[in-house]
Each structure stands twice: as structure tokens, then as C-alpha cells.
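Each chain, written out:
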Amino acid sequence: MLSKMPPTTSLLTASAILHCFCIINTYSYAPPPSRIRSTIGCSFSRSKHVTTLLRSSSNTFEEITSSSSSSSDTNTTPSSSSTLIEHHRLQNNEVTTTTIPTSSTTFSPAATWHKNRRRKMLDKYGDLITPLERDSSSNTLALSLLALSNTSLFSLAVLCGTAQLSLGQVALLAVFPGSMFSLWTLQLLHDCLHGSLLNKRQQKFLFGTVKRRELQDAILFWGSMPSVFGYYLYLKYGHLTHHKSLGDPQTSSLQQLFDSSNKEFEDGDVLFVAHRMKLKGEVGPKFTIGGKEITMSISKSGFNNWKEDKPLRNALVFATSFMYERFMLMINDVVVAITGRNYFFPNKPNEFHRECAKYCRCAMLVRGLLWKLAGWKSLLFLYLSETLWSIPPHPACAMFVTNHGSNVDDGDGESGGCIPSSSTYAGRWYSLFTLGTNYHCEHHDFPTIPLHRLGELRKIAPEYYKK
């Protein structure tokens, strides 16, 4: 029977089976529930499935994490995370540090907590951890996977149009393997950004003709295609500062992100967190229309419609606002490509707008080629692939919505502090499916350790990553 099944049908059937398998394993291997203090009101519990995670909270992420700087115990749960705020670069066989580009050198309370914890881990296990930071890279593995992911996304996008698939079939292919490949692309480019993709002992490549930084920028730029809104601008301008300004309302509120004149975003992850967590500070972006100032925040509008103890409603609102915002980003790319400016960030320097325009124009050429080859369904496939892994009930969403859930330490009861970041431990298949993105706690501890080595930290320092 299977031998007579058309190739497209076989792929769709495998997609459905593997998707169900991943969901089942997310249930089976998730850590036991963490005790959440009612006085803290953490928004997410890392141990439950996605649709039960989405609970509205009256507490803000910044309020929760502000207490973390006073907590410095070494016995923490898997949610514990120490954010490394420095990035390492190897030159002449010595590791030097480069600070994250930002207008301020002050760490947020949560980032300070992470940094202090990392220092303790190095004091205790430095002989084992330092080689991972200094020498290891994803290198050939990552470049091969990046080529595989982007080639697969392009090919599947063309298939969706040329094979005359129904909308349901396109959606199923986007769930798997499309969303997996899109997530892999993000993770691999993320590794490149942190300097963990290329050989750390090599400063020039392609027979000494290309400098390390130039090659990294090229991989970030071209490696983020094909896409309908892509990961490039977020990674280039918003992720490194996230490791420094994590949860700081004084430097990275929504309004500050949109009004800032800095080239980099103060914390690019705030744009994602706002869909699922209440943030302190003013909201943006703001526009003046007809003499009146109007705030237009899709994420804030969506989150305001959450209801306490209504997980299914909250999941639906979260998915709707998130996908709608991503659709508007796709439209905005067209505007930026035509006008040469990103009007959501009017105060940013011309260099920022030039880079936005350059990327959007190149990305639009790739999208135009796909439309020419396979029609609009090719872009629908990419849109769904880039969004579905972030929303319930997709299994990868479990680690996405809980990576900064601000759980309470219930390990030994000594600190009683808030844990700013979380990891999701759901077995080897889940780690492969997410390509190590689920080790978010470990990544904030040591950002320069490549994706395929992050899991080793649990073996080296098990008391820091308890199950």
C-alpha cells in the first residue's frame, strides 16, 4: 500500500506522524511541575504543555527579575540561567572579550545575576568549561545544516505551488518539516552571531582573502533567505543586547525600542516577549495622525485580551496576535524595499535604514523568484514555517514561550529568588528537533559554546541544571 502512495502524500503522512511523536515526547520527558509562588505570579510554568502555560499574570517580567540580583546560590533548577554578557574572540590562541554593542555598559539585574552565576561555574569547573568556550565550534556541521535547511525550505516552497497542494497540505508541510528547518536556520545563524559557527582559531577564511567578521556578516545576511520576514535584522541589531539588558525596563521598554536613536535595539527580544508577558515602561510605536498621538502595538493589544485561568483563550489570542504581527512585518518589508526607510524606527541612524533597505530588497528578489516559479502558495508555506514553531500547539513552542518565564527557585529553598531563564528538557529527539534551542538556560550561561555542545554543561555541572 505504501509503495503505491504518491511521494507528496508520503511526505505529508510522515509529517503528521512525526509531529504527533514530538508532541507526545514533550509530554513524556518534561520536568516535573515547579512550585510557583502566588506572590510572584510567574507567567509560565516550564513543566506543562503549551496550552496550559499561557496564563495571564499581573506581574511584569522586570518586576519578577528585579529580585534576582540578590540571589546568588549555586543550587538552582533547570530554569536557572546566568547570562554571559561578554563575547569571546580567539586571537593568537588567546581568548579576548568584546563587549556587546550598546549605548550603556550597565547590566540589568537579571543579567547581573546570570553573570555572577557563570563566574561561580567557571571557578568550580573552569578546566572543563573553558575548552568548550575557547576551542569548540559548530563549523562544518552548522554550515552543512544551514545549506540543508535553506535548500529544503526553497524546494518545499516550490513544491507547494507546483504540486497544486491544498491549503491544508501546505499547512501540514509547514508544521513539519518546514517549521523545523526554519527554526534550524534561526539557531544556526544565532550560532554564527555569537562567533560559535566558524573555527575560533581562524581569523581569515577562503585562503586568507576574507576576514572573520566579513564572512560572519555574509552568512547572517544570505543565510536568512528564503524567508517572508526573516531573522537577519533581529539577529544583527537586537540579540546581543538582549544578553545585557534582559528584563530591564529602564533601558529597553517597547517605547524606547521604537524611539531610540541607537543603531542597535536595546533588547530585541522584548518585541517577542510583549506578546505573552506584561512589560513595565511605556508602549510603542507611536504615530501622530491628524494631530493626535496614536499608539499602535499589536503585541500589547493582544496581551490585553488575555484572561486569568483561560489557557485556551490565551493561546488563541497569543497565536493570533503573533501571526498578525508577522504578516505586517512581511508587508513592512515591501515598504522598506521601496522607500529605503523603516518608518517604525524613525530616529535610528541612516546606517540602520540602509541595511534594512538592502536586506529587504534582496529578500524581495528571492520572494519574487519563488512567486514566479510556484505562485503565492510558496510564500504561504514560508510564512507558516516561520511562525508556527513559535505558537501552540507546536511542540517547539514549549521552549519558546518559557525561555524567560521567571520561575521561582524551589530547589533547596535557600534563595527563594526568581530564575530569569529556563531550559526545556524533553529528550534527545526534542533537542534534535529544536537543534539545541531548548538549552536556553545553558546558552545564557555560556553564549559562545556552540549549539551541539550546550548539552554537555548538564553533565559537567549537574547541580546548576537539575531535572
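Residues numbered from 1 in each chain as written. Predicted model: local features only at pLDDT ≥ 70, side-chain atom pairs only at ≥ 80, totals over all residues. Heavy atoms only, no water.

## So, the side chain of His 275
Thinking step 1. Mapped onto the secondary structure, His 275 falls in the loop between helix H11 (270-273) and strand S5 (286-289).
Thinking step 2. Polar contacts involving the side chain of His 275 include one to the side chain of Glu 325, which spans 2.8 Å.
Thinking step 3. Residues in contact with His 275, not counting those within four places in the same chain, are Ser 299, Phe 303, Trp 306, Phe 318, Ser 321, Phe 322, Glu 325 and Arg 326. (Helix = DSSP H or I, 4+ residues; strand = E, 2+ residues; numbered from the N terminus. Polar contact = N/O pair within 3.5 Å; in protein donor to acceptor, adjacent residues only side chain to side chain. Contact = heavy atoms within 4.5 Å.)

## Some thoughts on the environment of Met 330
Thinking step 1. When you line up the elements, Met 330 lands in helix H13 (residues 311-339).
Thinking step 2. The exposure class of Met 330 is buried, given its relative accessible area of 17%.
Thinking step 3. Taking the C-alpha atoms as reference points, Met 330 and Phe 229, 101 residues apart in sequence, are found 5.1 Å from one another.
Thinking step 4. Apart from residues lying up to four places away in sequence, Met 330 is in contact with Val 228, Phe 229 and Arg 367. (Buried < 20%, exposed > 50% of the residue type's maximum accessible area, 1.4 Å probe, protein only.)

## So, the nonpolar core
Thinking step 1. Ranked by internal contacts, the top residues of the largest apolar core, which has 92 residues, are Ile 219, Leu 235, Phe 318, Phe 381, Leu 382 and Trp 389.
Thinking step 2. When residues in this core are grouped by element, the largest group, 14 residues, is from helix H6 (residues 167-193).
Thinking step 3. Residues within four places of Phe 381 in sequence aside, it is in contact with Leu 153, Leu 156, Ala 157, Cys 160, Val 170, Leu 173, Ala 174 and Gly 178.
Thinking step 4. If you look at the next biggest cluster of nonpolar residues, it comprises 15 residues, including Leu 132, Tyr 425, Ala 461 and Tyr 465. (Core = buried A, V, L, I, M, F, W, Y, C linked by side-chain atoms within 4.5 Å.)

## Section: unusual backbone geometry
Thinking step 1. Phe 176 connects to Pro 177 through a cis peptide bond whose omega is 10°.
Thinking step 2. Note that Pro 177 resides in helix H6.
Thinking step 3. With an omega dihedral of 5°, the bond running from Pro 392 to Pro 393 counts as a cis peptide bond.
Thinking step 4. Note on placement: Pro 393 falls in the loop between helix H15 (376-388) and helix H16 (397-400).
Thinking step 5. Notably, Phe 207 is not glycine yet its phi reads approximately 60°, a positive angle.
Thinking step 6. Structurally, the position occupied by Phe 207 is in the loop between strand S3 (204-205) and strand S4 (210-211).

## Some points on the side chain of Asn 403
Thinking step 1. For Asn 403, the position within the fold is in the loop between H16 and strand S7 (407-408).
Thinking step 2. At 3.3 Å, the side chain of Asn 403 and the backbone oxygen of Phe 400 are in polar contact.
Thinking step 3. Among residues more than four places away in sequence, those in contact with Asn 403 are Arg 276, Pro 420, Ser 421, Ser 422 and His 440.

## Some thoughts on the environment of Arg 134
Thinking step 1. The residue Arg 134 is located in helix H4 (residues 109-134) in this model.
Thinking step 2. A relative accessible area of 29% places Arg 134 in the partly exposed class.
Thinking step 3. Note: C-alpha distance between Arg 134 and Lys 200 (66 residues apart in sequence) is 7.2 Å.
Thinking step 4. Within the structure, Arg 134 has its side chain in polar contact with the side chain of Asp 135 (distance 3.2 Å).

## A word on the pattern of salt bridges
Thinking step 1. The tally for this structure, following the rule as stated, stands at nine salt bridges.
Thinking step 2. Residue Arg 134 pairs with Asp 135 through a salt bridge whose shortest N-O separation is 3.2 Å.
Thinking step 3. The partly exposed category is assigned to Asp 135, whose relative accessible area is 29%.
Thinking step 4. Glu 456 is paired through a salt bridge with Arg 453; the nearest N and O atoms lie 2.4 Å apart.
Thinking step 5. What makes Glu 456 partly exposed here is its relative accessible area of 27%.
Thinking step 6. Several salt bridges converge on common partners, so that one network encompasses Arg 134, Asp 135 and Arg 201. (Salt bridge = Lys/Arg side-chain N within 4 Å of Asp/Glu carboxyl O.)

## Quick notes on helix H14 (residues 350-374)
Thinking step 1. Counted at 1.5 Å a residue, the expected span for H14 with its 25 residues is 36 Å, and the 36 Å between its end C-alpha atoms agrees.
Thinking step 2. One or two positions beyond H14, positive phi appears at Gly 375, with a value near 80°. (Expected span 1.5 Å × (residues − 1).)

## A closer look at the packing of aromatic side chains
Thinking step 1. Applying the stated criterion across every chain yields a total of 19 aromatic pairs.
Thinking step 2. Ring geometry for Phe 221 against Tyr 232: centres 5.1 Å apart, planes inclined by 75°, an arrangement best described as edge-to-face. In this pair, Phe 221 is assigned in helix H7 (residues 212-223) and Tyr 232 in helix H8 (residues 232-239), connecting sequence segments 11 residues apart. Accessibility classification places Phe 221 together with Tyr 232 in one group, the buried group.
Thinking step 3. One aromatic cluster is present, formed by Tyr 234, Phe 272, Phe 318, Phe 322, Trp 389 and Phe 400 through successive ring pairs.
Thinking step 4. Positioned above the aromatic ring of Phe 229 is the side chain of Arg 326, whose terminal nitrogen or guanidinium carbon lies 5.7 Å from the ring centre. (Phe/Tyr/Trp six-rings, centres within 6.5 Å; stacked < 30°, edge-to-face > 60°. Lys NZ or Arg CZ within 6 Å of the ring centre and 35° of its normal.)

## Concerning the packing of H7 against H8
Think of two packed helices as two axes; the pair is described by the angle between the axes and how far apart they sit.
Thinking step 1. Their axes nearest at 8 Å, the elements H7 and H8 cross at an angle of 140°. The angle between the axes of H7 and H8 places the two elements in the oblique class. Contacts between H7 and H8 involve Asp 217, Leu 220 and Phe 221 from the first element and Tyr 232, Leu 235 and Lys 236 from the second.
Thinking step 2. Across the contact of H7 with H8, the residue classes tally to four nonpolar, no polar and two charged. (Axes fitted to C-alpha atoms, helices over the stretch in contact; angles between N-to-C directions. Parallel < 35°, antiparallel > 145°, perpendicular 65-115°, else oblique. Nonpolar A, V, L, I, M, F, W, Y, C, P; charged D, E, K, R; others polar.)

## Quick word on the pairing of S5
Thinking step 1. Bridging between S5 and strand S6 (residues 292-295) involves four bridges; their strand directions are antiparallel. When the sheet's bridge partners are listed, Ile 289 is paired in S6 with Lys 292.
Thinking step 2. Between S5 and S6, which pair antiparallel one after the other, the connecting turn spans two residues, and Gly 290 there sits at a positive phi close to 60°. (Pairing = 2+ DSSP bridges.)

## Some thoughts on a nonpolar patch on the surface
Thinking step 1. A cluster of nonpolar side chains, Tyr 324, Phe 327, Met 328, Ile 331, Val 335 and Tyr 343, forms an exposed patch at the surface whose accessible area comes to about 530 Å².
Thinking step 2. By the element assignment, Phe 327 lies in helix H13.
Thinking step 3. Residue classification places Phe 327 among the partly exposed positions, given a relative accessible area of 37%. (Patch = residues over 30% accessible without salt bridge, like charges linked within 9 Å, V, L, I, M, F, W, Y side chains within 5 Å. Areas by Shrake-Rupley, 256 points an atom, 1.4 Å probe, with all protein chains shown as cover.)

## Comments concerning H7
Thinking step 1. For H7, with 12 residues, the first-to-last C-alpha span of 16 Å sits near the 16 Å given by 1.5 Å per residue.
Thinking step 2. Regarding H7, the residues found buried are Arg 212, Leu 215, Gln 216, Ile 219, Leu 220, Phe 221 and Gly 223.
Thinking step 3. Looking at the buried residues of H7, the elements they touch are helix H5 (139-162), H6, S3, S4, H8 and H14.

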